Amino acid sequence: MTADSKSMTSGPILGKLIKFAIPLVLTGILQQLYNTFDSVIIGKFSSSLALAGVGGSASLINLVINFFIGLSTGASIVAGQCFGAKDNANMKKVVHTAVALALVCGVLITGLGLAVLRPILRAIKTPEAVMPYAVKYTSVYFCGTLPTLLYNFLAGILRAIGDSKRPLYYLVISAALNIVLNLIFVIVLGMDVDGVAAATIISQTVCCILALYRLMRVDASYRIEIKSIRFDKKFLIKILRLGLPTGINSCLFSFSNLVIQSSVNSFGAAATAGCAADSNIENFIYMPMNAIGVAATTFVSQNKGAEEYERIDKGFKYSVFLVTAVGLVLGITVLVLGKPLLHLFTNEEEVVMFGMQRMMIIATLYFICGIMEVVGGTIRGMGEGIIPMLVSVAGVCGIRIFWIFIIWPLNRTLVTLFVSYPLSWFVTSMTMYIYFKAAKKRLQSI
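Residues numbered from 1 in each chain as written. Predicted model: local features only at pLDDT ≥ 70, side-chain atom pairs only at ≥ 80, totals over all residues. Heavy atoms only, no water.

A few points about the confidence of the model for the protein
Working step 1: The share of residues in the protein with pLDDT of 70 or more is 94%, and the mean pLDDT across the chain is 82.
Working step 2: Model confidence for the protein, summarised as mean pLDDT per element, is weakest for helix 2 (residues 48-56) at 72 and strongest for helix 12 (residues 338-342) at 90. (pLDDT = per-residue confidence, 0-100. Helix = DSSP H or I, 4+ residues; strand = E, 2+ residues; numbered from the N terminus.)

Notes on the packing of aromatic side chains
Working step 1: Tallied over the entire structure, the rule returns nine aromatic pairs.
Working step 2: Seen in terms of ring centroids, Tyr286 and Tyr366 are 6.3 Å apart; in terms of plane orientation they differ by 35°. Their pairing is tilted. Here Tyr366 lies in helix 14 (residues 366-381) and Tyr286 lies in helix 10 (residues 269-305), a separation of 80 residues in the sequence.
Working step 3: When the centroid spacing of 4.9 Å and the interplanar angle of 15° are considered together, the rings of Tyr366 and Trp425 count as stacked. Placement of Tyr366 in helix 14 and of Trp425 in helix 17 (residues 420-445) is noted, with a sequence separation of 59 residues between them.
Working step 4: What makes Tyr366 buried here is its relative accessible area of 8%.
Working step 5: Residue classification places Trp425 among the buried residues on the basis of a relative accessible area of 2%.
Working step 6: The ring of Tyr421 has Arg358 sitting right over it, with the charged end atom 5.5 Å from the ring centre. (Phe/Tyr/Trp six-rings, centres within 6.5 Å; stacked < 30°, edge-to-face > 60°. Buried < 20%, exposed > 50% of the residue type's maximum accessible area, 1.4 Å probe, protein only. Lys NZ or Arg CZ within 6 Å of the ring centre and 35° of its normal.)

Some details on the packing of helix 4 (residues 88-123) against helix 6 (residues 145-160)
Working step 1: Between helix 4 and helix 6, whose axes approach to 8 Å, the crossing angle comes to 155°. The pairing of helix 4 with helix 6 is recorded here as roughly antiparallel in orientation. Here helix 4 and helix 6 pass one another in a crossing that is right-handed. Between helix 4, through Val95, Ala98, Val99, Leu101, Ala102, Leu103, Cys105, Gly106, Val107, Ile109 and Thr110, and helix 6, the contact on the second element is made entirely by Thr145, Leu146, Leu149, Leu150, Phe153, Leu154 and Ile157.
Working step 2: Per-class residue counts for the contact of helix 4 with helix 6 are 15 nonpolar, three polar and no charged. (Axes fitted to C-alpha atoms, helices over the stretch in contact; angles between N-to-C directions. Parallel < 35°, antiparallel > 145°, perpendicular 65-115°, else oblique. Left-handed = near helix turned anticlockwise from the far one by under 90°. Contact = heavy atoms within 4.5 Å. Nonpolar A, V, L, I, M, F, W, Y, C, P; charged D, E, K, R; others polar.)

Considering the side chain of Thr378
Working step 1: Tracing the chain through its elements places Thr378 in helix 14.
Working step 2: A distance of 2.8 Å separates a polar side-chain atom of Thr378 from the backbone oxygen of Val374.
Working step 3: Apart from residues lying up to four places away in sequence, Thr378 is in contact with Ala296, Thr297, Val300, Phe316 and Phe436. (Polar contact = N/O pair within 3.5 Å; in protein donor to acceptor, adjacent residues only side chain to side chain.)

Details of the pattern of salt bridges
Working step 1: Under the counting rule described, the total for this entry stands at five salt bridges.
Working step 2: Here Glu225 makes a salt bridge to Lys92, at a shortest N to O gap of 3.7 Å. Highlighted residues: Glu225 in the loop between helix 8 (193-217) and helix 9 (233-265) and Lys92 in helix 4, separated in sequence by 133 residues.
Working step 3: In this structure Glu225 comes out as partly exposed when scored by relative accessible area, which is 27%.
Working step 4: By relative accessible area, which is 36% here, Lys92 ends up partly exposed.
Working step 5: Of the charged contacts in the structure, one is a salt bridge between Lys317 and Asp313, with a shortest N-O distance of 3.5 Å. Of this pair, Lys317 and Asp313 are both found in helix 11 (residues 309-336), four residues apart, which corresponds to roughly one turn of the helix.
Working step 6: For Lys317, a relative accessible area of 53% gives the class exposed.
Working step 7: A residue is classified by how much of its surface remains accessible, and Asp313, at 15% relative accessible area, is buried. (Salt bridge = Lys/Arg side-chain N within 4 Å of Asp/Glu carboxyl O.)

In structure tokens:
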């Protein structure tokens, strides 16, 4: 254990969770600023069609990328368990297996993304006027996904040993660069969606280089050595066992969102743009709650490795309290400031109207999603990945798809469509909580 690593297996629980989560919250906000600033620049200096192209393609990008990012969660959990158990020899194997997996996945995701983008954009009924912008944005984005994916694995390793500050520092530099490049590419050089996509990829590449440099220089068991990057069969299986369910879960989440996006697109380009703008705003609610969920996962994985089972239960309760409070405060604040926030993205009142319809349903109830993140993250931190995936498939994807094809046709409005979000979060949270109680009893009886 080194001086810059942060063990969560002893000391005040609430304080450690908050201290660990705050840099994650800021990191998430900076990551979201990439997409938000892209959308603001495009909406103000290009057109609502270009804004719809960026926002309407987000579901496709997430569908492909989130599966592989889910694998990084598996690597982070296994690394956290090794760190909690002070198993330095195996920690080294986990880290280098994770890097090898990131490199392979980065190549796969580029090819897969470019292969499927046009068929899927047509399948989700992307308006014809929006299609050229969506194709251009996703094409550039997928060409630069290797450094983006590698960074997620590297940041996961840092979080696993309790260091949530350095990823924040790297993203501060990266976000500033992204803003400058956006202004240069779009305003000075006259580019549109290809410019903002290129700015994002360049900035994330810099972020990846900074994280890689740190992990290659640190004097600890998690130091990366180029010559040691290879798959260790035992830990590759462990990472996949935890990461694949998370990846499949994220992919299915994105698929259900893709189905919803298709329904939104049927209302026209203004609806697509309005919901894209509001989605950017809502993500600033989600990021802090997701950070608390990640903190819960790291906390639980370390304490399981250290066999501190009583702390797992206390950490779970504190995490639920934090995520509920944060979600409610942010959700209400966003709703109150809804119209001015939407006007940052567009000057068109019709686009703002559609954005407010989504915001009224989703933003105020987003805290339920946060609870779901904490419960699922806690279960994964305990080393169980299959059940959270199955519950999410049934509770989130199943309910949303059922809602869209069975309930929504009875009243085809955007409000009715968006009710599927909080409903699916609630059912999934309750089901996962029941399973968590059972899993905790099994763990304590070992």
